[in-house]
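Structural overview for review
Okay, here's what each chain looks like letter by letter:
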Amino acid sequence: MTVEIICVGTELLLGNIVNTNAAYLAEQCAGLGLSCYYQSVVGDNKARLTESVKTAVGRSDIILISGGLGPTQDDLTKETVAEALGIPLVTDENTRQRIARYFEKRGMEITDNNWKQAQVPEGCKVLENENGTAPGMILSVGGHHIVLMPGPPGELRPMFENHVRPYLEALEPGVIFSQTVKICGVSESKIETDIEDLLAGQDNPTIAPYARLGEVHLRVTAKAADEKEAKKLIKPVVRELKARFGGDVYSTDKDMTLEKSVVELLLAANLTITTAESCTGGMLASRLINVAGISEIYKSGYVTYSNKAKRHLLGVKKSTLTKYGAVSEKVAGEMARGAAMFAKADVAVAVSGIAGPDGGTKEKPVGLVCIACQVCGKLTVKEYLFSGDRAKVRESATACALTQLRRCLLEYCGTRTFGKDKE
């Protein structure tokens with residue numbers, strides 16, 4: 001079945017809000033095996049929204065619409081869709097009661113315009129909104145399925161997961177099952193080249209690459225009569241991908257993150273860790289501390305932005321800074337050694353670089369970053385050159401530091417794979 005996504009809101013057209021709903025819905029549809037051929041953004045304008053809805057109904061089986069379900073006058077989605085399809089609006093008593101309870105529980109006065117949200121197209125399936133007042137709605141008209149969802153991502157995503165996804169899954173017989181192979185430290189172009197033969201002529205299962213910062217995820221999706229059969233189809237493909245990319249595959253678990261895989265390695269090896277950061281300013285520490293259980297092994301973190309801080313907090317030699325400069329493999333190495341010594345940690349990771357937009361030279365351009373990892377006395381230092389603005393360079397350096405750390409830990413553990421990954 002084909003799906004089309006329409007996101008409603010003038011604020012999206014003006015760029016005041018980033019349209020994350022479209023990306024989320026498109027990714028979810030891909031995981032369900034639905035082909036999304038069209039996406040559009042429409043302002044809060046009845047005539048243009050009517051045109052978009054009628055066009056979508058004329059060419060797509062499923063239309064997912066987000067936004068414009070609130071209580072104000074410019075929230076026109078529900079009314080416009082109902083009118084375009086020739087369906088009258090009626091009061092949904094359950095929604096009306098839920099809105100009343102919502103305001104009563106919070107001690108807030110209900111203004112008359114809030115009751116507008118209890119009006120729904122006649123005969124539609126009402127989707128309860130556990131995180132707001134505007135309900136979602138599903139209309140089935142002439143073999144087409146029109147799904148209306150609220151615009152705030154905090155309301156749309158739970159509604160999709162709890163109500164819309166099960167509805168879409170039931171539209172066609174069989175099940176769609178996906179598993180993601182997560183790879184770090186390899187470019188998307190290199191990965192695509194390495195699996196060109198697998199991508200050519202694929203049918204069931206399919207492989208879809210998704211680039212992430214410092215990572216590439218390969219989603220393997222199969223359709224079958226039941227989940228057991230779908231998993232059976234996926235298993236040999238996942239096995240082949242793991243064989244081709246070896247230790248660069250850090251997980252096939254949907255809940256696993258790169259930082260979590262690193263922390264699990266540290267915990268399993270009973271190693272403590274510290275971080276020393278310059279240009280990343282604590283980003284690396286933040287990603288590690290996002291992982292539950294890190295308190296058992298994380299000793300301390302140093303943000304040493306100035307040369308003086310590098311000297312006094314990490315013991316970097318003045319002569320090293322003078323001779324090689326703050327952004328150098330020598331200084332990054334001394335940062336890691338000093339951090340490990342002062343924190344009394346088994347493992348240390350240090351990052352020093354030029355994030356820009358200023359500070360670069362011909363010899364040391366903006367984007368140059370040196371990353372050092374010391375694991376139980378063994379030091380590994382590498383130099384990288386990242387592109388993008390200041391934020392992108394810092395984020396790329398952080399992701400790269402995690403990848404380099406993981407590889408050093410795998411080498412220390414004496415294996416290219418680790419743990420029992422889910423298949």
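Just so it is clear, the model here is predicted, and its values are computed rather than measured.

Omega for the bond connecting Asn204 with Pro205 falls within 30 degrees of zero, at 10°, which places this linkage in the cis form. Tracing the chain through its elements places Pro205 in the loop between α8 (196–199) and β10 (206–212). That bond from Gly356 to Pro357 is cis: its omega, 0°, falls within 30 degrees of zero. With respect to the helices and strands, Pro357 occurs in the loop between β15 (347–353) and β16 (368–375). Of note in the backbone geometry, Asn270 takes a positive phi value of approximately 60° without being a glycine. If you trace the backbone, Asn270 turns up in the loop between α10 (258–269) and β13 (273–277).

A few words now on the packing of aromatic side chains. Inspection of the entire model under this criterion finds 3 aromatic pairs. Their ring planes at 70° and their centres at 5.7 Å tell us that Tyr102 and Phe103 sit as a pair that is edge-to-face. Since its relative accessible area comes to 24%, Tyr102 is described here as partly exposed. Pairing Tyr384 with Phe386 gives two aromatic rings, centres 5.8 Å apart and planes at 10°, and the pair type is stacked. Between Arg96 and the ring centre of Trp115, over which it is positioned, the NZ or CZ distance is 4.1 Å. We note Arg106 situated over the ring of Tyr102; from NZ or CZ to the ring centre the distance is 3.7 Å.

Under the counting rule described, the total for this entry stands at 15 salt bridges. For Asp194, the salt bridge is made with Lys190, and the minimal N-O distance between the two is 2.6 Å. Placement of both Asp194 and Lys190 in helix α7 (residues 188–194) is noted, with a separation of 4 residues, approximately one turn of the helix. Owing to a relative accessible area of 28%, Asp194 belongs among the partly exposed residues under this scheme. Lys190 gets classed as partly exposed once you look at its relative accessible area, which sits at 43%. Linking Glu411 and Lys378 is a salt bridge whose minimum nitrogen-to-oxygen distance equals 2.4 Å. Placement of Glu411 in helix α15 (residues 390–413) and of Lys378 in strand β17 (residues 378–385) is noted, with a sequence separation of 33 residues between them. Among the residues examined, Lys378 registers a relative accessible area of 48% and is labelled partly exposed. Among the charged side chains, a salt-bridge network with shared partners connects Glu27, Arg212 and Arg219.

So, about the sheet that holds β10. Reading across the sheet, the 4 strands line up as β10-β11-β9-β12 and stay open at both edges, with antiparallel pairing between neighbours. Each end of this open sheet is capped by a strand with a single partner; those strands are β10 and β12 (249–251). The mean angle between the axes of side-by-side strands here comes to 35°, regardless of whether they run parallel or antiparallel. Where strand β9 (residues 175–184) meets strand β11 (residues 215–224), 10 bridges bridge the pair, whose relative direction is antiparallel. Looking at β11, one finds that Val175 is bridged to Ala224. Across the sheet, helix α2 (residues 20–31) lies against β9, β10 and β11, angled at about 45° from β11, the strand it touches most. Contacts between helix α9 (residues 227–245) and the sheet are confined to β9, β10, β11 and β12, with β11 contributing the most and set at about 150° to the helix.

Reading the values: the criteria
Residues numbered from 1 in each chain as written. Predicted model: local features only at pLDDT ≥ 70, side-chain atom pairs only at ≥ 80, totals over all residues. Heavy atoms only, no water. Helix = DSSP H or I, 4+ residues; strand = E, 2+ residues; numbered from the N terminus. Phe/Tyr/Trp six-rings, centres within 6.5 Å; stacked < 30°, edge-to-face > 60°. Buried < 20%, exposed > 50% of the residue type's maximum accessible area, 1.4 Å probe, protein only. Lys NZ or Arg CZ within 6 Å of the ring centre and 35° of its normal. Salt bridge = Lys/Arg side-chain N within 4 Å of Asp/Glu carboxyl O. Pairing = 2+ DSSP bridges. Axes fitted to C-alpha atoms, helices over the stretch in contact; angles between N-to-C directions. Contact = heavy atoms within 4.5 Å.

By themselves, these observations are geometric and do not establish any function.
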